[in-house]
Amino acid sequence: VSSVLVCQGPSSEALAGQQGAAPEYTTQQAEAPVARHWPRPIQEAIDAAHAACFDDDPFPSAKKCQKCHEGHFREWSVSPHAYAQLSPVFNAMSNALIKLTNGTNGDFCIRCHTPVGMALNEPINISNLDRPPTTREGVTCTNCHRINQPWGKISARHHLVPGNLQQPIYGPRGNDILEQVLANPDKYGPLKTGGEDPSIRANPIHRESIPFFQMTTPAFCGSCHDVFAPNGFRLEDAFSEFKTSPAARIKHQTCQDCHMGLVPGVASGFAEAPAARVGNVTTPPRKRTNHMFVGPDYSIIHPGLYPHNVRAIREENGPADQGLATMREWLQFDPHSPWGTEEFEANVPKDYPFPPAWADAKRRRLAREILNEQYQLLAEATRARHQILSTGYQLGDIEVERASDRGICFKIKVFNGTDGHGVPTGFDAERLVILRVTVTDSLGKVIHESGDLDPNGDVRSAHSSYVHNGRLPLDKELFSLQTKFITRNIRGSEKDSILTIPYSLDPLPYVRPETRPFTVLGRPIAARKHKQNLEANGGQRWAHYNVSREELTGNGPYVVDVKLIAGMVPSNLINDIQIVGFDYGMSPRQVANNVVAGHLVLHERQTVVNLP
Amino acid sequence: MATSPAWRQRTLNKLWAASFAAALAMGSNAAWAQSPAPAPAYSDLVRMRQANPASQEAIPNLPAPSPVPTLPDAMPAAPEEEPGFAVPSYVHTRNKEDDASSRLSDVAIGIQPIPERPRLLVELNGLFLGPGFLSEGIQLPTGEIIRPSLWVFGTNQFGYNWFDNRNNIKNVSEIVERLDFFTQLNFSGTERIVYGIRPFDQERKVAGVSRRIYTSYEFDLDKGINGTNGNIETLFFEGDFGQIFPRLDPYDTKMLDYGFSVGRQPLLIQDGLLINANRLDAVTVTRNTLNGYGNLNCRTTGMYAWNQVHRNDDNLDPNARLLGLFNESDYKETTVNVDLVYLNSTPKTGSAFYAAASGIQRLDFLETEWSTAFHVLTSVPTNQQTPATGRGTLLFGQASMSPHGSPDLIYVTGFWAIDKFSSAARNPEVGGPLGQVGILFASPAFGRFGAPLSNQATRAAGGAIGYQIFLDQTRKQLIFEVGGRKNTEDAPSTGQIGFGARYQQACGQHFIFLLDSFVAKQEKFDVSSGARVSVIIKF
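The rules behind each value
- One numbering rule holds for all chains: residues counted from 1, following each sequence as written.
- Each chain gets a letter, beginning with A, and each ligand a number, beginning with 1, in the order they are written.
- Only residues with pLDDT of at least 70 are given local features in this predicted model, and only at 80 or more are side-chain atom pairs given and counted; all residues enter the totals for whole chains, interfaces and linings.
- Side-chain numbers come from the whole structure's heavy atoms, not from hydrogens or water.
- Where helices and strands are cited, they refer to DSSP runs of H or I of at least four residues and of E of at least two residues respectively, numbered from the N terminus.
- Here the radius of gyration uses the C-alpha set of atoms, whereas the globule reference equals 2.2 Å times the residue count to the power 0.38.
- Contacts are residue-level and defined by heavy atoms, with any inter-residue pair within 4.5 Å sufficient.
- For accessible areas, the Shrake-Rupley method is used with a probe of radius 1.4 Å. Any residue's cover is judged against the shown protein chains and nothing else.
- Only protein chains enter the area calculation, which uses a 1.4 Å probe; residues under 20% of their type maximum are buried, those over 50% are exposed, and those in between are partly exposed.
- For patch building, the residue pool is restricted to those with more than 30% relative accessible area and no salt bridge; the joining distance is 9 Å between like charges and 5 Å between nonpolar side chains (Val, Leu, Ile, Met, Phe, Trp, Tyr).
- We count a salt bridge whenever a side-chain nitrogen from Lys or Arg sits within 4 Å of a carboxyl oxygen from Asp or Glu.
- Only the six-membered ring of Trp is used, alongside the rings of Phe and Tyr, when aromatic pairs are assigned; centres must lie within 6.5 Å, and planes under 30 degrees apart are stacked while those over 60 apart are edge-to-face, with the rest tilted.
- Consider the ring centre and the ring normal. A charge sits over the ring if Lys NZ or Arg CZ is within 6 Å of that centre and within 35 degrees of that normal.
- A strand pair is defined by DSSP finding two or more bridges across the two strands.
- Under this scheme, a helix contributes an axis fitted over its contacting stretch, all axes are lines through C-alpha atoms, and angles between N-to-C directions fall in the 0 to 180 degree range.
- Residues are called lining when one of their atoms sits within 4 Å of a cavity or pocket point, these points coming from a 1 Å grid over the protein atoms alone, where a cavity is a set in which a 1.4 Å probe fits but cannot get out and a pocket is an open set with protein on both sides within 12 Å along at least five of seven lines.
- Grid points are joined across faces, edges and corners, and a volume is the space filled by probe spheres set on the points.
- Here the nonpolar group is Ala, Val, Leu, Ile, Met, Phe, Trp, Tyr, Cys and Pro; Asp, Glu, Lys and Arg are the charged ones; every other residue, Gly included, is treated as polar.
- For this analysis, a nonpolar core means a set of buried residues of the types Ala, Val, Leu, Ile, Met, Phe, Trp, Tyr and Cys, connected via side-chain atoms within 4.5 Å.
- Throughout, disulfides are identified as pairs of cysteine sulfur atoms within 2.5 Å of each other.
- The term polar contact refers here to a pair of N or O atoms within 3.5 Å; inside protein, the definition further demands a hydrogen-donor-capable atom paired with an acceptor-capable atom, and it admits residues adjacent in sequence only when both atoms are side-chain atoms.

1. Section: the overall build of chain A
Reasoning step 1: Counting its regular elements, chain A contains 25 helices and 21 strands.
Reasoning step 2: Taking 2.2 N^0.38 as the reference for a compact globule, 612 residues should give roughly 25 Å; the C-alpha atoms of chain A span a radius of gyration of 26 Å, in line with that estimate.
Reasoning step 3: In terms of principal-axis extent, the alpha carbons of chain A reach across some 90 × 70 × 55 Å.
Reasoning step 4: Across chain A, the fraction of contacts at a sequence separation of at least 24, relative to all contacts at a separation of at least 6, is 70%.
Reasoning step 5: For chain A, the accessible area works out to roughly 21,200 Å², and carbon and sulfur atoms hold 52% of it.

2. Points about the overall build of chain B
Reasoning step 1: When you go through chain B residue by residue, the secondary structure sums to five helices and 25 strands.
Reasoning step 2: Taken across its 539 residues, chain B has 55% of its residues classed as buried.
Reasoning step 3: Pairs at least 24 apart in sequence give 55% of the contacts found in chain B among residues at least 6 apart.
Reasoning step 4: About 22,300 Å² of surface is accessible on chain B, with carbon and sulfur atoms providing 62% of the total.

3. Structural notes on a nonpolar patch on the surface
Residues and elements named next belong to chain B.
Reasoning step 1: On the surface, F480, V482, I497, F499, V519 and V527 cluster together to form a nonpolar patch covering roughly 480 Å² of accessible area.
Reasoning step 2: When contributions to the nonpolar patch are tallied by element, the ones reaching two or more residues are β22 (476-487) and β23 (496-507).
Reasoning step 3: Checked against the element boundaries, V519 lands in strand β24 (residues 511-522).
Reasoning step 4: Residue class for V519 comes out partly exposed when judged on its relative accessible area of 40%.

4. Structural notes on the packing of aromatic side chains
Reasoning step 1: What the rule picks out here adds up to 31 aromatic pairs over all chains.
Reasoning step 2: Three or more aromatic residues joined by ring pairs make a cluster, and in this case those are W330(A), F333(A), W339(A), F344(A), Y352(A), F354(A) and W358(A).
Reasoning step 3: Its end group placed over the ring of F415(A), K413(A) keeps NZ or CZ at 5.3 Å from the ring centre.
Reasoning step 4: Taking NZ or CZ as reference, R287(B) lies 5.2 Å from the ring centre of Y258(B), over its face.

5. What to know about the sheet that holds strand β16 (residues 484-488) of chain A
Each strand in a sheet pairs with another by means of backbone hydrogen bonds, the pair being arranged parallel or else antiparallel.
All names here are of chain A.
Reasoning step 1: The strand order β17-β16-β18 describes an open sheet built from three strands, whose pairing is antiparallel. In this open sheet, the two edge strands, each paired with only one partner strand, are β17 (494-497) and β18 (527-530). Between one strand axis and the next, the sheet turns by 35° as a mean value, whatever way the strands run.

6. Section: empty space enclosed by the protein
Reasoning step 1: Scanning all chains against the criterion turns up eleven cavities of 30 Å³ or more.
Reasoning step 2: Considered as a void within the structure, the largest cavity measures approximately 360 Å³ in volume.
Reasoning step 3: Along its surface, the largest cavity is lined by 27 residues, and R157(A), W151(B), N186(B), S188(B) and G189(B) are the ones closest to its centre.
Reasoning step 4: Of all the elements in the fold, those that place two or more residues in the lining of the largest cavity are β4 (149-164) and β5 (172-186) of chain B.
Reasoning step 5: Broken down by class, the residue content of the lining of the largest cavity amounts to 13 nonpolar, nine polar and five charged.

7. Description of the interface of chain B and chain A
Reasoning step 1: Facing the 178 residues of chain B at the interface are 163 residues of chain A.
Reasoning step 2: At the boundary of chain B with chain A, the tally comes to eleven salt bridges.
Reasoning step 3: K243(A) is the salt-bridge partner of D252(B), the closest N and O atoms lying 4.0 Å from each other.
Reasoning step 4: Take the side of chain B that touches chain A: its biggest share by element is nine residues, from helix α1 (residues 5-25) of chain B.

8. Structural notes on the pairing of β17(A)
All names here are of chain A.
Reasoning step 1: In this sheet, β17 lies alongside β16 in antiparallel orientation, the contact comprising four bridges. Bridged to I486 within β17 is D496.
Reasoning step 2: Between β16 and β17, which pair antiparallel and follow one another directly, the connecting turn spans five residues, one of which, G492, has a positive phi of 90°.

9. Some remarks on the sheet that holds strand β20 (residues 558-567) of chain A
Residues and elements named next belong to chain A.
Reasoning step 1: In space, the four strands of this open sheet follow the order β15-β14-β20-β21, with antiparallel pairing throughout. Two strands lie at the open edges of the sheet, namely β15 (446-450) and β21 (600-609), each paired on one side alone. Sheet twist, expressed as the mean angle between neighbouring strand axes with direction ignored, is 15°.
Reasoning step 2: Bridge count between strand β14 (residues 432-440) and β15: four bridges; the pairing is antiparallel. Following the sheet pairing, T438 is matched in β15 by E449.
Reasoning step 3: Helix α21 (residues 361-392) contacts β20 and β21 of the sheet and is inclined by roughly 55° relative to β21.

10. Focus: the nonpolar core
Reasoning step 1: With 113 residues, the main nonpolar core has I300(A), I301(A), W330(A), W358(A), F410(A), L435(A) and I577(A) as its most contacted residues.
Reasoning step 2: The leading source of residues in this core is α21(A), at nine residues.
Reasoning step 3: Setting aside residues no more than four positions away along its own chain, I577(A) makes contact with V89(A), A92(A), M93(A), A96(A), L499(A) and F582(A).
Reasoning step 4: By size, the runner-up hydrophobic cluster in this structure holds 44 residues, among which are V341(B), A424(B), L434(B) and L440(B).

11. Looking at the environment of S173(B)
Residues and elements named next belong to chain B.
Reasoning step 1: With respect to the helices and strands, S173 occurs in strand β5.
Reasoning step 2: For S173, a relative accessible area of 14% gives the class buried.
Reasoning step 3: C-alpha separation for the pair S173 and D222, spaced 49 residues apart in sequence, amounts to 9.4 Å.
Reasoning step 4: S173 has contacts with Y160, N161, W162, Y217, E218, F219, D220 and R448, leaving out every residue within four places of it along the chain.

12. Some remarks on helix α25 (residues 588-597) of chain A
Residue and element names in this part refer to chain A.
Reasoning step 1: Buried residues dominate α25, accounting for seven of its ten residues.
Reasoning step 2: Three or more residues of α25 are buried, namely P588, R589, V591, A592, N593, V595 and V596.
Reasoning step 3: Looking at the packing, one finds that the buried side of α25 touches α8 (88-100) and α24 (571-577).

13. A few points about the pairing of strand β7 (residues 201-206) of chain B
Residues and elements named next belong to chain B.
Reasoning step 1: Relative to strand β8 (residues 209-218), β7 runs antiparallel, the two sharing six bridges. Across the sheet, residue R204 finds its bridge partner in β8, namely R211.
Reasoning step 2: The turn linking β7 back onto β8 is made up of two residues, and A207 within it adopts a positive phi angle of 55°.

14. With respect to the state of the cysteines
Reasoning step 1: All told, the structure shown has zero disulfides over all chains when counted by the stated rule.
Reasoning step 2: In this model C109(A) remains outside any disulfide bridge; the closest cysteine sulfur is found in C112(A), 8.0 Å from its own.

15. A closer look at the environment of A566(A)
All names here are of chain A.
Reasoning step 1: Residue placement: A566 occurs in strand β20.
Reasoning step 2: Placed 421 residues apart in sequence, A566 and H145 show a C-alpha to C-alpha distance of 32 Å.
Reasoning step 3: In this view, A566 contacts L389, L432, V433, G598, H599, L600 and L602; residues no more than four positions away in its chain are not counted.

16. As for the side chain of R178(B)
All names here are of chain B.
Reasoning step 1: One can find R178 in strand β5.
Reasoning step 2: Its relative accessible area of 14% is what places R178 among the buried residues.
Reasoning step 3: A polar contact is formed between the side chain of R178 and the side chain of D180, at a distance of 2.8 Å.
Reasoning step 4: Polar side-chain contacts of R178 include one of 2.8 Å to the backbone oxygen of A445.
Reasoning step 5: Beyond its immediate stretch of four places on either side in the chain, R178 contacts T155, N156, Q157, R198, D201, Y214, E429, A445 and F446.

See below:
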C-alpha cells in the first residue's frame, strides 16, 4: 500500500546520487489529507511512510538543529525568515499573481519563501497546515547552510545540497570547533556522524562544517535579496542598492555587520558566545551571529503557530510526545481567551464547552504556558523591529513656515538613517511607511489630518477602495515612502498599480523570458517600479502641510502632531489579493486588522502653534 | 453555578458544527479554509453573553481582552463584532452597509484553486518557474556558477484581415499567419542567450521599400503569399559583468554590476517614439541602481549599433551606425527619461542627432489620480534633410484615469509634430512614430492591415480619446476610441478622423480572441473601414 502512496524520493541518498533529478511527489501525496478518510490499515501505512520520510529527511527541520543550537534556533524562530512561508499575506499574494498571470508566475515568489518545499516539488498553493515542518519553516537552516556554491543574483534558485542531519553543513567559519567536539566524546557525549551501528544510542550530528567563504559576503544575501523576474522585472534590489551605498564602497561593511550583529541596524560588532551545546556541554565561544534578522515584517497569525516552537507543534499523525498540539488544534485555541490561566481553570465548570482538542485542563495550561513564551518572544522581536526601523528612518523637527489667521503651513523632514541601502528597501513597493499628521485645536478637535486610515486600515491614497469609490476624499498631503508598482496602459501612460499585472495591455498576462535584453531598460516594457524610497546616499524628503483658513476654528493654540509609522503592507494589497483566499481560515478583514495592529510608531514630534 | 440550557445548547451546537467542519476540512485545503473560524473565540463568548445576559454566570471570571488594536466599524453591530476595542481616532468610521463595495470582507473563503503552470514547449535541465529540485551548478573559470537550461516559448497569431479603403488603391482581404518563436539558453539569473525567429514572415523590398511579408492567402488577389524563412530575428547574449567575474570583487565593495548585451536585439526607446526596432545588431552597456541627491533610481545605458538599422522611411540602411545614451531616473514625483542618439550614415540617407526627454507621473486632479506622460523629441540632421532624416520636433502627451468605482480606463492622447520629426530607427512593420497615440494610429504588425490613421509625425497635430471596459475581471476587454489628426500646413490631404473598437478576450490559459474594427474618413477620400479577427496563442 505504501508504495502507492507517498514520499517517493526525498531521501538524501537518492537526491545526492542524482544531481538534477527532481524528487517526485505522487498525486496522492500532494493531496495527502484525503488519505485521512481511508481505512485504518491504509492510514497507518501512510503514517509509517510519512514518518520514514521525515527520519531520512534530505533537508532537516530546524527543530533538529535546535537540539544543539538552541540560541540560533530561538532567534531564527521569530525571524522574518522563519515567517516567510507561514505568512498568509505572502501566500495569497503569490497565488494571486499566479492566478492573474494564468499560472505563468509559477514558483517565482514561493521559491524564495520555501526553497525546500520547492526543491521537494511541493504543490504551490496548499495550506501550510498540510506542509511538513521543513517546508513551512520557510527560510530554514538548510536554506543557507546547505548552499555550497556562490550563485550570485539567482533570485533564490540555487542548488540545495541534500542530506540528512549527519551530512556536512556549510558555514562561515569551518570545522575547528566541530573537530574538537567530535574528538572529545568524553566531554560532549557519544555522537553519530553517519554509518554507525544503528543500535548504538548517540546523538546525531553533522559530520563536518565546511567553510564557505561566500556566506560571509553580501553577495550571499544578494542571492535572494536581489529579486529579478525572468521577464526582466526588478522586484527587489536591496543588494544592488547596497553595492552603490557608502557602507559598501567606503566603509566596506557587509549586510551581516548590521543585520546579524549585536544591535539591529547598526554595525556594532558581534557577540562572542558558544555556537552550540552538545551533550549538555557548551562549545567554546566564538563569533556568534544573530539569526533574528528583524525587518519590517511581523506575524499576523496565531501565536501558537509562530514563532516556531518545538514544544508547541505536533505533526498530524506524528509522535504524541513531540509538541503539544497540531496546527489545526492550535487554531481552535483562542489566544485571547482566559483558557489555561489559573484563574479561569480554577473556576471553569465541568461542562464548559471546550473543543475536543482542548478539553483537558492540563493541555490548556501547557498551551497557555507556551503562549506566554511566544508572546515574550514576539515582544522581543517587536522591540528589535522597532530598533532597526527607527534607526533606518529618521524624523526631523516640525518647522512652522507660516502661522496666521490665513492658515498654518509647516513642514518636516524625513531622512535615511542608514548608509547601507535605501529605506524602505527590498520589497519596497509594498512597504507602508507614512507620516500621520494631526492638527488639533485647544478643545481637542482635529481640524486637519493626513496619513489617517480608511475603515479598511488603508491610507487614503488612490488605491484605497473608499477613495476609489468616492466614499472618502483623496489624501493629497499623504507622505508615503512606498514605492509604486507601475503598469502600462493600452494607451494613456503608465498606471500606479497594486500588483504588477499589465492587464490593460493584454487580457492574458503571461510571464515568459523577456525577448529583449532586460538590462537595457532595466525592466520589461509592461511593468516597472517607480521608486519612492529614501536613497542611501543622503536621502531625505520634506513633507509639507497646509491648514487652510477655513479649517481654523479660532480655538488656538493648535497642536501639530507628526508620527512616522511603519507597517508591513497596505490594506489595499489585501483587497487585491483576497480573490485567492487566505490560509488558516482568515478573512480579509482579519488579515487587515492584524496588519494594522502591527503598525509601529517609529518617531513622533509635536509642536504648539500660537496664532498672532 | 446556574447555566442557561438554551445558551449551552447553542454553544455546543456551534462547537460541534465547527468541529465537524474542521473534520471535513481535513479532506481538502479548500474545505479546510472554508470552515468557520474555530470556536469558541473569546469574542464569541462575549457576543453570546450580550445576546443573553442571563448566561453571564456561565462564563466565569472573564478578564479583559488583550489590547490588540483592530479596525473599527461604525455599524451598531460593530461593538458585538469587536468588543471592547477602542476605535483609534485616526481611522475613519463608515456605515458598513453603505460601504459594502469598499469594505474588506469578513468572510473567509479559504485557499482557492489557482491555474497550473503552463509548461513551455521545451524545458531542459530546469523548469521555467516550476517547482522541483534544482541541480548543482557548474563553476566557470571566472568563478561564476551557472546552470544551463533550455527553454522554448513564443506566440502564434492567426487571423483574417479585411480592409476596404474605398480609394481604389488596394483593398485587403487575407488570412495571415505570424509566429514568434524563441529559444532561451539560460545560464544564471543574469546571463542568457536568446534566439528568435519568425518563420512565417520576413522582410523584403517591395517597389524599393522595405516591407514585412506575411505568409497569407490574399482573397483580393486570389493568391497565396509565402513568407516562410529561417532568418534570425533575435540572437543576443546578455549578462552582468560583476556576476561573470565575481572574483574581481569578492567582498562586494566595488560597483562592477554592469549589464551588457551584444547581438541582434530589439530596442524600444521613448515608448517607441524615438527607436522602435525589432532587431538591431548592437552592443549595450548598462549601469543600474544609481542614486543620490533626490535621484532615487537611475539607469543609464550606452549603445552602439552597427547593423540592421531601419530608418524612419522604413528602409534598411546598411551604412547607418547608431550611438545612443539612454537614461531613466526616478524622482519623487516623476520618472524622467533623457535619451540621446547620434546616427551616422551616408549623405544620401543622412546623419542626424536625436534628443528626447519625457516625464511620466501621476497627478491628482478632480479627486482622482491621473496617469500622465509628456514627451518632447527632436531630430536634427547634420546636413540636409532626406526622406530618412527629417528636421523636426514632436510633442506628445497622454493621460488616463479610472472613474470612481470602476476599474475601467479612460485615456486621452495628443501630439503636435512640428516640421518633420523622424525616429532614429524603426522597423517597417511598426509604421511611423505615432503608433502610441491610439489604437487607430498603431500598426498591428499583422499582414497588410495598416493603421487606420496615419502615424507619421510630419507637420500635424491630433490625438485620440478612448475608453477601455474590463469585463469578467479583466479577461474580457472592450475598447472604443475616437481619433483624428490634421496637418498643420497645407498638404494634399489633411484631416483624418476615425472610430475604432476592439474586443479582446482571454480563453483558457493560452488563447486570446481579438476582434478589431474601424471606420475612418480622410479629407478628399471616401470613408474607409476594416475589421480583423484573430486568435493569439501563447506558449
